[in-house]
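Inside the fold
So the chains spell out like this:
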Amino acid sequence: PKESLFVSCQYGNSCGGAGTPVCGGACVVPELMLVVDRSSSMEGPVWDFTRDALVDFSELVAPAVKLGVRAFPGDEGCAPAAPVAMAKGNAGGVAGALAAPAVSSSTPIAAALTGLQSLFGDPTQGEVVLLLSDGSETCDDPDSVQARAAELRSRGVRLHVIGLGFGYDGTLLQAAAAAGGGSFQVAQTRAALDAALYAVLATEVGCPQDPGGASLCEAGACVPFCADGWHGCDAACASDTSVASCGASCDPCPVPAHGAATCDGAACGFTCDPGYHACGDQCAADDAVTSCGASCDPCTPP
């Protein structure tokens, strides 16, 4: 068996001590290397939703996650493309590396997982490789994929794997994830891939994730990074169009008696129940002498 290297814990975290050699405590800033299949079999809808999901994901998390990417194969043969080094703010590097599928049908998964350890520098908590593929190893012995995954894990790097589309080699990819100490998930649609990406993020950052963006780690605390149409409330993202958080608010819209709250154009409003009409910020009865019909003034006595 191979010994793991010493892994230091990040800011706000501490080692569990003897018998519990894991970091615990605050959230984590991941170093995330995306390893993405761009073989010719990816061309079409699977490539389109994969690239779009990864670009959008990268743009959202890049301010607080160190991102890198390696596509495979390269321009030809069984050699993967050169990796793009990990850095914060690296969404452009990810998008540039995923410009288009390759002409080659070669799928060098083992080669793509080779030599990544040095890109992480000194071993620290939060080192992650995320492999995405729609196929199987075609350039090396399939067992070499599991061997490369185990080498990453012995270095302290976790390997998560996502099988794309319908033609992925589930046996191979699940074995790689197990050897790499990470999860295996399947994504056959854009929505499924989004969910898989944020599941990995939740595991590695240590912050709960929600559909309106990402909760990421800054100075040991979970901070929301929200998509368009959402805003931060505490450590989560809240919808601009929900009555629970309308506009930029983190408080619910007021609910009048005999009515219901609304959120229209990022502004709170309300509708009245049948038999009632709006008078100021309240609902008044149509059949009351103080607000008869559609009036907000009392009836004039004879």
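Residues numbered from 1 in each chain as written. Predicted model: local features only at pLDDT ≥ 70, side-chain atom pairs only at ≥ 80, totals over all residues. Heavy atoms only, no water.

**Thoughts on the pairing of strand S7 (residues 158-164)**
When you tally the buried positions in S7, you get seven out of seven residues, the bulk of the element. The side-chain alternation of S7 yields two buried faces, one formed by Arg158, His160, Ile162 and Leu164 and the other by Leu159, Val161 and Gly163. Pairing of strand S6 (residues 127-133) with S7 involves six bridges; the strand directions are parallel. Of the residues in S7, the one forming a bridge with Leu131 is Val161. In the sheet, S7 pairs with strand S8 (residues 181-187) via five bridges, with the strands oriented parallel. Along S8, the bridge assignment pairs Leu159 with Gly181. For the crossover from S7 across helix H5 (residues 170-179) to S8, the handedness is right-handed. (Buried < 20%, exposed > 50% of the residue type's maximum accessible area, 1.4 Å probe, protein only. Helix = DSSP H or I, 4+ residues; strand = E, 2+ residues; numbered from the N terminus. Pairing = 2+ DSSP bridges. Right-handed = clockwise from strand over helix to strand, strands pointing away.)

**Section: the sheet that holds strand S5 (residues 84-87)**
Taken in spatial order, the six strands of this open sheet run S5-S4-S3-S6-S7-S8, and their pairing is mixed. Every interior strand has two partners, whereas the edge strands, S5 and S8, have only one. Strand-to-strand, the axes of this sheet are offset by a mean angle of 15°, without reference to chain direction. In terms of strand pairing, strand S3 (residues 31-37) meets strand S4 (residues 66-72) through seven bridges, oriented parallel. Each residue of the ladder has a partner; that of Val36, found in S4, is Ala71. Of the strands in this sheet, S6, S7 and S8 touch helix H6 (residues 190-205), which is tilted by about 170° from S7. (Axes fitted to C-alpha atoms, helices over the stretch in contact; angles between N-to-C directions. Contact = heavy atoms within 4.5 Å.)

**Describing the environment of Ala221**
Along the polypeptide, Ala221 turns up in strand S10 (residues 221-226). A sequence separation of 182 residues divides Ala221 from Ser39, and the C-alpha atoms of the two residues are 39 Å apart. Look past the residues within four positions of Ala221 in its chain and what remains in contact with it is Cys27 and Leu216.

**Observations concerning the pattern of salt bridges**
Tallied over the entire structure, the rule returns five salt bridges. Between Arg190 and Asp56 there is a salt bridge, and its shortest N-O distance comes to 2.9 Å. Taken together, the residues span a long stretch of sequence, with Arg190 in helix H6 and Asp56 in helix H1 (residues 45-61) at a distance of 134 residues. Overall, the relative accessible area of 29% leaves Arg190 in the partly exposed class. (Salt bridge = Lys/Arg side-chain N within 4 Å of Asp/Glu carboxyl O.)

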